[in-house]
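These are the residues of each chain, in order.
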Amino acid sequence: DIQMTQSPSSLSASVGDTVTITCRASQGISNQLAWLQQIPGKAPKPLIYATFFLQSGIPSRFSGSGSGTEFTLTISSLQPEDFATYYCQQYFSHPRTFGGGTRVDIK
Amino acid sequence: QVQLQESGPGLVKPSGTLSLTCSVSGGSISSYDWWTWVRQSPGKGLEWIGQIFYSGTTNDSPSFKSRVTMSVDRSKNQFFLTLTSVTDADTAVYYCARETGDYSHYGGYYFDSWGQGTLVTVSA
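Small disclaimer: the values here were computed from a predicted structure and weren't measured. (Residues numbered from 1 in each chain as written. Chains lettered and ligands numbered in written order. Predicted model: local features only at pLDDT ≥ 70, side-chain atom pairs only at ≥ 80, totals over all residues. Heavy atoms only, no water.)

## Some points on the overall build of chain B
Here is step 1 of the chain: Of regular secondary structure, chain B possesses zero helices and eleven strands.
Here is step 2 of the chain: Relative to the 2.2 N^0.38 estimate, which gives 14 Å for 124 residues, the radius of gyration of chain B is 14 Å and therefore close to what a compact globule would have.
Here is step 3 of the chain: C-alpha atoms of chain B, sized along the principal axes, occupy 45 × 30 × 25 Å.
Here is step 4 of the chain: Looking at chain B alone, contacts between residues at least 24 apart form 54% of all its contacts between residues at least 6 apart.
Here is step 5 of the chain: Surface accessibility of chain B: about 5600 Å² in total, with carbon and sulfur atoms responsible for 48%.
Here is step 6 of the chain: Seen as two clouds, the 8 positive and the 10 negative side-chain charges of chain B have centres 7 Å apart. (Helix = DSSP H or I, 4+ residues; strand = E, 2+ residues; numbered from the N terminus. Rg over C-alpha atoms; globule rule 2.2 N^0.38 Å. Contact = heavy atoms within 4.5 Å. Areas by Shrake-Rupley, 256 points an atom, 1.4 Å probe, with all protein chains shown as cover. Lys, Arg positive; Asp, Glu negative; His and termini not counted. Charge placed at Lys NZ, Arg CZ, Asp CG, Glu CD.)

## Remarks on the interface of chain B and chain A
Here is step 1 of the chain: Contacts between the two partners involve 26 residues from chain B and, on the opposite side, 21 residues from chain A.
Here is step 2 of the chain: Taking both partners together, chain B and chain A bury about 1900 Å²; carbon and sulfur atoms supply 63% of that area.
Here is step 3 of the chain: Along the contact surface separating chain B from chain A lie one salt bridge.
Here is step 4 of the chain: Between A:Arg96 and B:Glu99 there is a salt bridge, and its shortest N-O distance comes to 2.8 Å.
Here is step 5 of the chain: Between the two partners, chain B and chain A, sit nine residue pairs in polar contact (both at pLDDT 80 or more). (Buried area = accessible area lost by both parts, 1.4 Å probe. Salt bridge = Lys/Arg side-chain N within 4 Å of Asp/Glu carboxyl O. Polar contact = N/O pair within 3.5 Å; in protein donor to acceptor, adjacent residues only side chain to side chain.)

## Quick notes on the state of the cysteines
Here is step 1 of the chain: Considering all chains together, one arrives at two disulfides over all chains under this definition.
Here is step 2 of the chain: The disulfide partner of A:Cys23 is A:Cys88, and the gap between their sulfur atoms is 2.1 Å. Taking the torsion about the S-S bond as the criterion, the A:Cys23 to A:Cys88 disulfide, at about 70 degrees, is right-handed. Here A:Cys23, found in strand E3 (residues 19-25), pairs with A:Cys88, found in strand E9 (residues 85-90); they are 65 residues apart in sequence, far enough to count as distant. Across this residue pair, the class does not change: A:Cys23 and A:Cys88 are buried.
Here is step 3 of the chain: Residue B:Cys22 pairs covalently with B:Cys96 via a disulfide, S to S 2.0 Å. For the disulfide bridge between B:Cys22 and B:Cys96, the dihedral angle about the S-S bond is near 65 degrees, and by the sign convention the bridge is right-handed. (Disulfide = S-S within 2.5 Å. Buried < 20%, exposed > 50% of the residue type's maximum accessible area, 1.4 Å probe, protein only.)

Here is the structure:
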């Protein structure tokens, strides 16, 4: 199985801040990397696929980058509704695997 | 936009069988997508269980040691999960989701729609 490692596991930030979350894959995944957002008590919401591309309806303050085994999610100008847990996920191979999550809470 | 809705018993006895249904609306289960099950134990992260294509082809996680069976009913636009020999460790919120194809960028199938999830508790 491909291991997905996220860092940090949690962070505190203020509205308007820019935050960056890193995800490392245990082997190359050909940019088949997605990011999902989960608010407590809700289903995961897909944000980004193929490393860079926003899902329909996702605001442009979310962006993804990376290649090989290192990937990044950046949230610019953090909004109140962005306080949530974020997961990276590879879909290069089976079984699909997720990072452990990064909780973003209010400072 | 396709919508997914899980249903099934919320309580299963240890050593019993967990059975869930996912109903798909706003799209056809016979499309070239994969229909997937993911679970989340209380306070934990996401765990991929497996996926099924409309033809009945499946992929599942070795973590479940052959306890998983998936099937599809195209006439009802539904797909199903069965998990046998359940224990406390199978207590979780179970989600169904769609993995759709990326034909424009790097290939593969990525999540684009999720159900709201259903809590299944394993307890006597």
